[in-house]
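The primary structure of each chain is shown beneath.
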Amino acid sequence: RLLPVGALYDPFVARGLDALIYALYQDARFMLAGTPSGVTLSPEGGAHQSQTTPLIGMGLPNLASYEPAYVDELAVVMREGFRRMLDQKGGATYLRLSTRGLAQPDRKMDDVLAADVLAGAYWLRPPGAGCDVVVAAMGAVMPEALDAHGQMLEDCPGAAVLAVTSPERLHRDWIRAERQGQAGRSHLARLFRDVPWSAGIVTLCDAHPASLSWMGAALGRAVAPLGVEGFGQSAGLADLYRTLGIDADAVLDAAARLIWRAAAA
């Protein structure tokens, strides 16, 4: 069996959607890397921006869709992608990647962490006692999530950061568990098992906010979804993220709203 790997600008996934759907219909096996993704590449111009591609990845059958933030996550996902190509019950893989350089975590990728990466999410900053807010972030905007988390620790020492590597894997697993009457056994539910019910979730992604906002319904928790609902502007990342409401300050404001609502309830 061939192990084909294709790369294209992430916005052009929509341009080739007809061919992609037909290939999946035929159970074709491949790895597709869409990069750069989102508005993060905006300094090169406003024309090549993608917002809805994570939703495409979530909606297509026979396709595992991932948006890792770190290189060790990507290595795990690519290894799994090649395995899926060779597995009789496998399928294709779509990687939504960024060219933004991120500081890499100094850690060992053990089997437990690798399994969580493939399942769609893991605790990058685990919840502490009395956790009152969780920042669930994905891909290129992870630095903004960590910046906001660091700033809120003085007032919210139990705050956590959930690194989402695949909204598609998480969503598919939740739907499957729900249909079987076992929603509490989904990977997402297991991750939140020890998080107080009063804790809200700020979701953050360089994509349409619907990519992650469904987590509120899956967990029965209050959610403040941050994402990109417009495109076409070109600017430095700090200015653009601030304009679109996906910078660290936007995360802090959203977290404050969630905490205030929980206290008022």
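Quick note: structure is the one above.
Predicted model, so just to flag it, every value in this text is computed and none were measured.

Moving on to the packing of aromatic side chains. Under the defined criterion, the tally for this structure stands at four aromatic pairs. Both rings, one in Tyr22 and one in Tyr25, keep their centres 6.0 Å apart while their planes meet at 25 degrees; by these two values the pair is stacked. Highlighted residues: Tyr22 and Tyr25, both in helix H1 (residues 17-25), separated by three residues, approximately one helical turn. Assessed through its relative accessible area of 68%, Tyr25 is described here as exposed.

When a protein is soluble and globular, its nonpolar side chains tend to lie buried together. With 46 residues, the main nonpolar core has Met142, Met152, Val202, Leu204, Ile246 and Val251 as its most contacted residues. In terms of residue count, the dominant contributor to this core is helix H11 (residues 248-264) (six residues). Setting aside residues up to four positions removed in sequence, Met152 forms contacts with Val133, Val135, Ala159, Val251, Leu252 and Ala255. The next biggest cluster of nonpolar side chains, apart from the first, holds 25 residues, and it includes Ala121, Trp123, Val134 and Ala136.

What follows covers the side chain of Ser186. Within the secondary structure, Ser186 is located in the loop between helix H6 (167-179) and helix H7 (187-191). Ser186 gets classed as buried once you look at its relative accessible area, which sits at 2%. Setting aside residues no more than four positions away along its own chain, Ser186 makes contact with Asp173, Trp174 and Ala177.

Another point: the sheet that holds strand E3 (residues 63-66). The strand order across the open sheet built from four strands is E1-E2-E4-E3, with neighbouring strands paired in parallel fashion. Every interior strand has two partners, whereas the edge strands, strand E1 (5-8) and E3, have only one. Between one strand and the next, the sheet's axes are offset by a mean angle of 15 degrees, whatever the strand orientation. Pairing of strand E2 (residues 31-34) with strand E4 (residues 92-96), which is carried by four bridges, proceeds in the parallel orientation. Paired with Leu32 across the two strands is Tyr94, which belongs to E4.

Procedures and definitions
- Residues numbered from 1 in each chain as written.
- Predicted model: local features only at pLDDT ≥ 70, side-chain atom pairs only at ≥ 80, totals over all residues.
- Heavy atoms only, no water.
- Phe/Tyr/Trp six-rings, centres within 6.5 Å; stacked < 30°, edge-to-face > 60°.
- Helix = DSSP H or I, 4+ residues; strand = E, 2+ residues; numbered from the N terminus.
- Buried < 20%, exposed > 50% of the residue type's maximum accessible area, 1.4 Å probe, protein only.
- Core = buried A, V, L, I, M, F, W, Y, C linked by side-chain atoms within 4.5 Å.
- Contact = heavy atoms within 4.5 Å.
- Pairing = 2+ DSSP bridges.
- Axes fitted to C-alpha atoms, helices over the stretch in contact; angles between N-to-C directions.

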